[in-house]
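Now for the letters of each chain:
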Amino acid sequence: MDLKNKTVIITGASSGIGEATALKLSKEGANVVLTARREDRLKSLQKKIEKNGGKALVVVGDVTNKNNYSHLVSETKKEFGSIDVLVNNAGLMPLSYIKNMHTDEWDTMVDVNIKGVLNGIAAVVPTMIEQKGGHIINVSSSAAHNYFPGGAVYCATKSAVKMLSEGLRQELAPTYGINVTSIEPGAVSTELTETITDKEVLKDMKSMMDDMNPLEAEDIADAIFYALSQPKRSNINDVFVMPTQQQ
Ligand code: NDP
């Protein structure tokens, strides 16, 4: 896909991978729609993109709220007229050991990491079918392949996203021209670990991270751009990217 003047919605654009992806894709000519809950962060990213000569629309919203998604879709069409790509990136990782019973955090992970992704899909697929094409990028994780300490629920949510992506691809790509890609990064240096409240996990994570040079958010933005920039006949199903030093 040539991204020039294409419309790309990016969830979780207020930091980390989403922010880096918005910058990368706007530099490649896409009109980007930035959504997340922190408006101040989205507005400053919008300014940065516009300063670089790009076009960005901010629509504040929570991915767990279906009404927010209807608003996002109508604002996007009003501003740019189409929805060519959805980058389903918003996610949380409050890791905890099962025995410590952080059950509210389990619920939040299921709500944001799985239901939030489904809400995004439900919001854009009718438009993409009408347009006879599009591309959905779901940000899964290496956690869909490997368990790590405190990750039982998080890994389960990311496995769900990986499998969902394959189902979507089989149902949507051949018939409707909607390509689907699952992005599966290992450790990336972002704010993601800031939601961890389980002290045991935090201690174990620290010793793991001290021994490793993680990926940067820009590395994943490049992987997303790679998947999007292939010819239409080529569907990149999975992109699994690990830091060189991560096991
Ligand atoms: P960040 O914490 O930097 O970004 C997470 C983003 O998700 C933020 O923009 C946040 O915005 C948004 N978000 C969280 N909850 C909601 C919600 N309810 N509604 C809307 N937006 C929400 O972390 P990353 O950039 O690392 O994470 C991006 C994705 O990458 C996640 O899905 C994560 O699981 C995945 N990933 C990350 C890895 C890593 O090592 N960092 C490795 C593998 C995958 P706001 O708070 O403003 O709403």
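Residues numbered from 1 in each chain as written. Predicted model: local features only at pLDDT ≥ 70, side-chain atom pairs only at ≥ 80, totals over all residues.

Where an unreviewed UniProt entry is consulted, the chain appears under the name Oxidoreductase, with the organism given as Cochleicola gelatinilyticus. The annotation that UniProt attaches to the chain under Sequence similarities (unreviewed entry) is "Belongs to the short-chain dehydrogenases/reductases (SDR) family." (UniProt positions renumbered as here; feature names shortened; annotations may be inferred.)

Chemist: Mind showing me how you'd approach the environment of Asn213 here?
Modeler: One can find Asn213 in the loop between α6 (199–210) and β8 (215–216). Overall, Asn213 belongs to the exposed group, with 12 C-beta atoms counted inside 10 Å. Linking Asn213 and Lys77, residues 136 residues apart in sequence, is a C-alpha distance of 41 Å. With near-sequence residues (within four places) excluded, Asn213 lies in contact with Pro243 and Gln245. (Helix = DSSP H or I, 4+ residues; strand = E, 2+ residues; numbered from the N terminus. Buried ≥ 20, exposed ≤ 12 C-beta atoms within 10 Å, placed from the backbone. Contact = placed C-beta atoms within 7 Å.)

Chemist: Is there a simple way to think about helix α7 (residues 217–228) in this case?
Modeler: Because the α-helix completes a turn every 3.6 residues, residues three or four places apart line up on one side. Between its first and last C-alpha atoms α7 spans 17 Å; for twelve residues at 1.5 Å apiece the expected length is 16 Å, and the two agree. For α7, every residue scored as buried is listed here: Ala217, Ile220, Ala221, Ala223, Ile224, Ala227 and Leu228. Here the buried residues of α7 occupy an arc of 160 degrees about the axis, which is enough to place them on one side. (Expected span 1.5 Å × (residues − 1). Arc of directions from axis to C-beta.)

Chemist: Before we go on, may I ask you to explain the site of the ligand in this structure?
Modeler: Lining the immediate environment of the ligand, one finds 29 residues, of which Gly12, Gly16, Arg37, Arg38 and Gly91 sit closest. Ranked by residue count, the leading element in the shell around the ligand is helix α1 (residues 16–27), at three residues. Residue composition of the shell around the ligand, grouped by class: 13 nonpolar, eleven polar and five charged. (Near = placed C-beta within 6 Å. Nonpolar A, V, L, I, M, F, W, Y, C, P; charged D, E, K, R; others polar.)

Chemist: Explanation requested: the sheet that holds strand β2 (residues 31–35) in the structure shown.
Modeler: Strand pairing within a sheet occurs via backbone hydrogen bonds; the two strands may be parallel or antiparallel. Strand order in the open sheet formed by seven strands is β3-β2-β1-β4-β5-β6-β9, with parallel pairing between adjacent strands. Each edge of the open sheet is held by one strand with a lone partner, namely β3 (55–58) and β9 (238–241). Between one strand and the next, the sheet's axes are offset by a mean angle of 15 degrees, whatever the strand orientation. Pairing geometry for β2 and β3, over four bridges, is parallel. Following the sheet pairing, Val33 is matched in β3 by Leu57. Across the sheet, helix α2 (residues 39–51) is in contact with β2 and β3; its angle to β3 comes to roughly 165 degrees. Across the face of the sheet, helix α3 (residues 66–80) comes into contact with β1 (7–11), β2 and β3 while running at roughly 150 degrees to β1. (Pairing = 2+ DSSP bridges. Axes fitted to C-alpha atoms, helices over the stretch in contact; angles between N-to-C directions.)

Chemist: How should I be thinking about the confidence of the model for the chain in this particular structure?
Modeler: Regions with low pLDDT carry predicted coordinates that are not meant to be interpreted in detail. Overall, the prediction assigns the chain a mean pLDDT of 97, with 100% of residues at 70 or greater. Taken together, the chains of this predicted complex give a pTM of 0.98 and an interface ipTM of 0.99. (pLDDT = per-residue confidence, 0-100.)

Chemist: I keep staring at helix α5 (residues 152–176) and nothing clicks. Help me out?
Modeler: Over its 25 residues, α5 runs 35 Å from end to end, which matches the ideal 36 Å to within 8%, given 1.5 Å per residue. Of all the bends in α5, the greatest, near 30 degrees, is centred on Arg169. Those residues of α5 that sit buried are Val153, Tyr154, Thr157, Lys158, Val161, Lys162, Ser165, Leu168 and Leu172. In this structure, the buried residues of α5 make contact with α4 (103–131), β5 (134–139) and β6 (178–185). One or two residues past the end of α5 sits Gly177, with phi positive at roughly 70 degrees. (Bend = angle between axes of the 7 residues up to and from the residue.)

Chemist: I would appreciate a short explanation of the packing of α1 against α7 in the present structure.
Modeler: Relative orientation and spacing of two packed helices are given, respectively, by the angle between their axes and the distance between those axes. Contact geometry of α1 with α7 gives a least axis separation of 8 Å together with a crossing angle of 55 degrees. Here α1 is positioned oblique relative to α7, judged by the angle of their axes. For the crossing formed where α1 meets α7, the hand is right-handed. Contacts between α1 and α7 involve Gly16, Ile17, Glu19, Ala20, Thr21, Lys24 and Leu25 on the former and, on the latter, Ala217, Glu218, Ile220, Ala221, Asp222, Ile224 and Phe225. Here the residues of the contact of α1 with α7 sort into eight nonpolar, two polar and four charged. (Parallel < 35°, antiparallel > 145°, perpendicular 65-115°, else oblique. Left-handed = near helix turned anticlockwise from the far one by under 90°.)

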